[in-house]
Amino acid sequence: MEFAELIKTPRVDGVVLHRPFMPTVEGTLCLTGHHLILSSRQDNTEELWLLHSNIDCIEKRFVGSLGTIIVKCKDLRVIQLDIPGMEECLNIANSIEALSTLDILSLMYPFFYRPMFEVIEDGWKSFLPLDAFKDLETMTDEWRLSEVNKDFIVCPSYPPLVAVPKDIDDDTLRKVASFRHGGRFPVLSYYHKKNGMVMMRSGQPLTGTNGRRCKEDEKLINATLRPGKRGYIIDTRTINVAQQAKARGGGIESEANYPQWRRIHKAVERSNVLQESLIKLVEACNDQSHSMDRWLSKLEASNWQTHVKEILTTACLAAQCIDRGASVLVHGTEGADSTLQVTSLAQIILDPACRTIRGFQSLVEREWLQAGHPFQQRCAQSAYSNSKPRQEAPVFLLFLDCVWQILRQFPCSFEFSESFLVLVFEHSYASQFGTFLGNSTAERAKLSLPEKTVSLWSWVNRPQELERLTNPLYEANSLVIWPSVAPQSLLLWEGVFLRWNRSSKCLDEAYEEMVHIIEYNKELQNKVNSLRRQLAQLETEDPLLQTP
Amino acid sequence: MEHIRLPKVDNVRLLDRISPRRSRVGTLYLTATHTIFVENEAGVRNETWVLHSLVCSLEKQAATASGSSLLIHCKNFQVLNFVIPRERECHDVHLSLQRLSQPERPDELYCFSYKPNIDAEERRPEWDFLDLRADYRRMGLPNSLWKLSSVNQHYKVSDTYPADLFVPESATPPVIVGSSKFRSRGRFPTLSYYSKENHAAICRSSQPLSGFSARCLEDEQMLEAILRSNPHSDFMYVVDTRPKLNAIANRAAGKGYENEDNYSNIKFQFIGIENIHVMRNSQQKMMEVCELRSPSMSDFLEGLESSGWLKHIKAVLDAGIFIAKAVAEEGVSVLVHCSDGWDRTTQVCSVACVLLDPHYRTLRGLMVLIEKDWISFGHKFSHRCNHLQGDPKEVSPVIDQFLECVWQLMEQFPCAFEFNARFLITIHSHIYSCQYGNFIGNNQRERTELGLREKTHSLWSYLWMNRADYINPLYRPDHSQTQGLLRPSTAPYCFKFWRALYNRFDRGMHPRQSVEDYLSAIQEETQQLKEQLASHKQKIAQLEQEQEWSVPQKAVPFDKSPTGWTFCNDMANTPQDYTGGFFTSSPCQPRAPITLQTEESNKTSKSILSNGSDQESGIADVSCRSPLSEDSTRDPDSDEAAYSAS
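What counts, and at which threshold
Residues numbered from 1 in each chain as written. Chains lettered and ligands numbered in written order. Predicted model: local features only at pLDDT ≥ 70, side-chain atom pairs only at ≥ 80, totals over all residues. Heavy atoms only, no water. Buried < 20%, exposed > 50% of the residue type's maximum accessible area, 1.4 Å probe, protein only. Helix = DSSP H or I, 4+ residues; strand = E, 2+ residues; numbered from the N terminus. Pairing = 2+ DSSP bridges. Domains from an automatic or database assignment. Contact = heavy atoms within 4.5 Å. Buried area = accessible area lost by both parts, 1.4 Å probe. Axes fitted to C-alpha atoms, helices over the stretch in contact; angles between N-to-C directions. Core = buried A, V, L, I, M, F, W, Y, C linked by side-chain atoms within 4.5 Å. Salt bridge = Lys/Arg side-chain N within 4 Å of Asp/Glu carboxyl O. Polar contact = N/O pair within 3.5 Å; in protein donor to acceptor, adjacent residues only side chain to side chain. Nonpolar A, V, L, I, M, F, W, Y, C, P; charged D, E, K, R; others polar.

## What to know about the pairing of strand 3 (residues 34-39) of chain B
Residues and elements named next belong to chain B.
- Of all the 6 residues making up strand 3, 6 are buried; the element is thus mostly covered by neighbouring parts of the structure.
- Along strand 3, one buried face is formed by His 34, Ile 36 and Val 38 and the opposite face, lined by Thr 35, Phe 37 and Glu 39, is buried too.
- Between strand 2 (residues 23-30) and strand 3, which pair antiparallel in sequence order, lie 3 residues.
- Bridge count for strand 3 against strand 4 (residues 47-51) is 5 bridges, and the pairing is antiparallel. Note on strand 4: the bridge partner recorded for Val 38 is Glu 47.

## Section: the domain arrangement of chain A
Residues and elements named next belong to chain A.
- For chain A, the assigned domains read domain 1 (4-102) and domain 2 (129-492).
- Relative placement of domain 1 and domain 2: their C-alpha centres are 37 Å apart.
- With 12 residues of domain 1 at the contact, the number on the domain 2 side is 15 residues.
- For the pairing of domain 1 and domain 2, the buried interface totals around 1000 Å² over both sides, and the portion due to carbon and sulfur atoms is 60%.

## A word on the sheet that holds strand 2 (residues 25-31) of chain A
Residues and elements named next belong to chain A.
- The 7 strands are arranged 4-3-2-1-7-6-5 in an open sheet whose pairing can be described as antiparallel. For this open sheet the edge positions go to strand 4 (48-51) and strand 5 (55-63), each flanked by a neighbour on one side alone. Pairs of neighbouring strands in the sheet enclose a mean axial angle of 30°, with direction left out of account.
- With 4 bridges joining them, strand 2 and strand 3 (residues 35-39) adopt antiparallel strand pairing. Within strand 3, the residue paired with Leu 29 across the bridge is Leu 38.
- The sheet contacts of helix 2 (residues 86-100) involve strand 1 (11-18), strand 2, strand 3, strand 5, strand 6 (66-73) and strand 7 (78-84), and relative to strand 5 the element is tilted by about 165°.

## Examining the nonpolar core
- Core analysis: the largest hydrophobic core is formed by 237 residues, its most contacted members being Phe 360 and Phe 497 of chain A together with Leu 366, Phe 402 and Trp 460 of chain B.
- Looking at this core, the element that brings in the most residues is helix 9 (residues 309-330) of chain B, giving 12 residues.
- Leave out the neighbours within four places in its chain, and Phe 497 of chain A touches Leu 76, Leu 278, Leu 281, Val 282, Cys 285, Trp 304, Leu 397, Asp 401 and Leu 492 of chain A.
- If you look at the next biggest cluster of nonpolar residues, it comprises 29 residues, including Val 164, Leu 188, Val 198 and Leu 225 of chain A.

## Points about unusual backbone geometry
- With omega at -5°, the peptide bond leading from Leu 141 of chain B into Pro 142 of chain B counts as cis.
- Its location among the elements puts Pro 142 of chain B in the loop between helix 3 (132-138) and strand 8 (146-149).
- Even without a glycine there, the phi angle at Phe 152 of chain A is positive, about 60°.
- Mapped onto the elements of the fold, Phe 152 of chain A is located in the loop between strand 8 (143-146) and strand 9 (162-165).
- With phi around 45°, Lys 115 of chain B is a residue other than glycine that occupies positive phi space.
- Secondary-structure assignment places Lys 115 of chain B in the loop between helix 1 (87-100) and helix 2 (120-128).
- The exposure class assigned to Lys 115 of chain B is buried, which follows from its relative accessible area of 15%.

## Examining the interface of chain A and chain B
- Counting residues at the interface gives 76 residues for chain A, matched by 83 residues for chain B.
- Ranking the residues of chain A by area buried against chain B places Met 292, Arg 324 and Gln 488 of chain A at the top, with a combined share of 10%.
- For Lys 496 of chain B, the salt bridge is made with Glu 494 of chain A, and the minimal N-O distance between the two is 3.3 Å.
- Run the count over chain A and chain B and you get 25 residue pairs in polar contact (both at pLDDT 80 or more).
- Contributions of two or more residues to the side of chain A that touches chain B are made by strand 13 (261-265), helix 8 (292-302), helix 9 (304-323), helix 13 (395-409), helix 20 (505-541) and helix 21 (543-546) of chain A.
- Here the side of chain A that touches chain B takes 20 residues from helix 20 of chain A, the largest share from any one element.
- Each residue belonging to the side of chain A that touches chain B can be placed in one class, and the counts come to 40 nonpolar, 19 polar and 17 charged.

Here it is in structure tokens:
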């Protein structure tokens, strides 16, 4: 298929672009296979370069022969294009609709994008499971790297290499995989160096209504317990939901079969509920009404903040179990959504390394991409889509929101600033990079993404980008950071949800001012140090000073 | 002392508000001015001090096996729940506190016993620190358009107005007196703010006694005179800050609002801000939500909405914006009134001033503004803050709303204010604490009669002496955000819940690291670096030029790692209750708080010192350290320490 077939009108002059809090621009609109471009053809004017894949939905309106297209983006921005000529407008609208809903992965922009920057480090190779395991080996010898999934047969959503207890052989793993949802047998998620406790994650056990049992499964997870110690299974579903899952072949670990484990149920919502919540929240944020009651009641009704609180609370609980000296197994149903929210946030809380820029990338790689969170399905549509949601859900966005909440409470303990989280959010929904394409390592391998596309991390891990994303307040904090989950402490993430609804000028200025204060201090420190050296030198050169 | 029925009770438990299982055992002392709880744990001297004047309500609950519970709500939003072993003792403490917290006579107020052994001469500089006339001079007054009138000397025309008032040059005493007779409580239209740039003015008054048809020629002339004092404008706004319905209802009582037909060239406008009773109930409802024990997100948001508090804050700010824009953008003068002109009018005029004039966004400027629009114009602090035993229906958080409006603006314009939120919270506390004389009484006449300048201290000079604590590090006088009119957004989502005030004492809810304190520490260090730089340069020059002269100098080792400064990192180590009671034992273990706290000891000891020096008073022991005089975050005896050690 040629993109040209979809582009009926590649160019229109005299198009007026309206964007929130920016002056309107008149110029020429161009459609390419992957971009919507508006250029005023004047120097120093900012042009619009919008990825078609960033477009969530469009609306068209006509007044006389003037057509208007409202473009609603996955990053929640809303822009308006006034296009003279009804036919042009219709053509443009149809083309945008067709191009933005293409679901053939190999036609996506990352396959066509050629980096305009020098790749210093290939992000595809930065966070390989083998390297992560080498780090683990320096701390413990109780785990081994299994290749049981090297052909993605045992568990299609797992990576080829996973860390499992040393004493569990691959045959056992195969049996356990058949007892867990999606073949997602328990694997190591996090090793807490301080006390040797571990966090594992898996899919739900397939006990079904007649309480099927799997000795190998019991053996596997018991192998992670120290003698005489009990562990906790954190089920991200309510007890009712978990019980109901039995009818569909799922289930829970019964106390009879897992006597060394205590099960805790926490209510983290499932994906379709989250998607609805996102739509409602964004609708509330875009509401032009000036009524406070309306805003607060819509915010409440969206339930978004409730989800943030639930997820954070569950992650804190998991972290607390580990910190207090108990190992933890986390799962929900599939173990690829709420489970990952909990395991990744618990690591942010427990492990200072995850609060660095590189450590966070590694966390996203391990706990989201390699762990098989289906990004392609979850991020296909965002808050404006009219189409009936299928697999879409802001599971990852909620995770980022929770990280932002902790960042707000510990503003000096993260190496990255809010802008890094916003960047990762944007790229998870639409990107020139291949990182978030596909639903699993298997799919990414099949598409040859590492060979054919550029990794987001290749771009991020360059000095100029790192500098932009670094938190100027950062001072390494080796402690566990316990966030407050009181409703008063959890805020709406303005940087994402109100980003396009209010001018950020004053807040940006404040940020610059903060950077300036810190930079100026560093500059003075350097000057003082160099003068001090100069002084010391002068003093030693001065023979008179040698004598007391 | 005659009110203290029981000076000391042992084995009292102070319950943690969030998780009552974490309680502390100690001894409760009642003194003439404070309730003091001293924790009994070995090694820690943990004290909680509560001023009697801050106590807002006391609730004695039914006795249980573990004792009788006494719940104390404070005006600074602290909530303390004591469990006293014996019912009898609880009863006595309850009765004592009830009396102590509600003085009957002004001379029982704390300010008269706070640092009393200083004569009036020494107190004078404190009170002369702020000079309202200087502020009017700053505005360019008096000038050819506005004059200082002596008509209210000895409070003859309006006993709730200050003695010094600015009126239009053309307003003669008969016009003023005539107008005052046509206004509630004689509060005739007078100047609150004057813009040098375009001559537009904000004037304030009470409602006219117009009833259904009454007119007053002098009042009409008075407004005419105000209009003429703005030579570039051919009309003026008259803003009634009440909801229209309320204003209409007042007509039946012979009061009401201006009829546009009777006054030449006015544009009349209602701005619906609710009355003091609505505001009191609203805050009460919001505080109930704040005090919920582990509320869900929905509980909180629904409660916040149904309290209506943020809606009211928005209404006050909206009104302020209307006036500020009329003055700055249209160059039109505005007369503002409500019923009596001392609540809503005060709020709206002062909010408009903050928006209009960068001076009022400085430390000194905000103090002057409160002194001018609130204190001098007769906001009834004694009644609204319930300083003395009085009518509970008179109580209302009108000034809280003003402070919150300023805070909401600070959130939108982080570089525009010289002061930080701690400044607002400290002012808030002292408005209610009665420790300083500034907020005692209902008007200037009462304050003069009480001899406050001679017998009490002024908060303003205390704040000024400690201004280093209240500086916003992001403020620069030459920053673009600092200049001119502020144009805030009033979209509902721009209004936030002010956790730092309303949940001030719930330590666990606040960010554990403060960006502001970090930046302040950096700036302090930068200052030292500048000095070192200068001295190094000097030394190098000396060494290079006259080598034989020089003296060995030891370089002062400079602690590079920023600032010898830490956050409350010990707090970072304390998990909260995420389990809903899942773990039975206390979830946090004592973990190396000692090493962490030593890092902080510098700061702590400093704050103890500054604290003590502020409190050198004649009252032994009791006044040596009041928790109020320092902000909670710096309080060395914060329950933070106990939190991590428990």
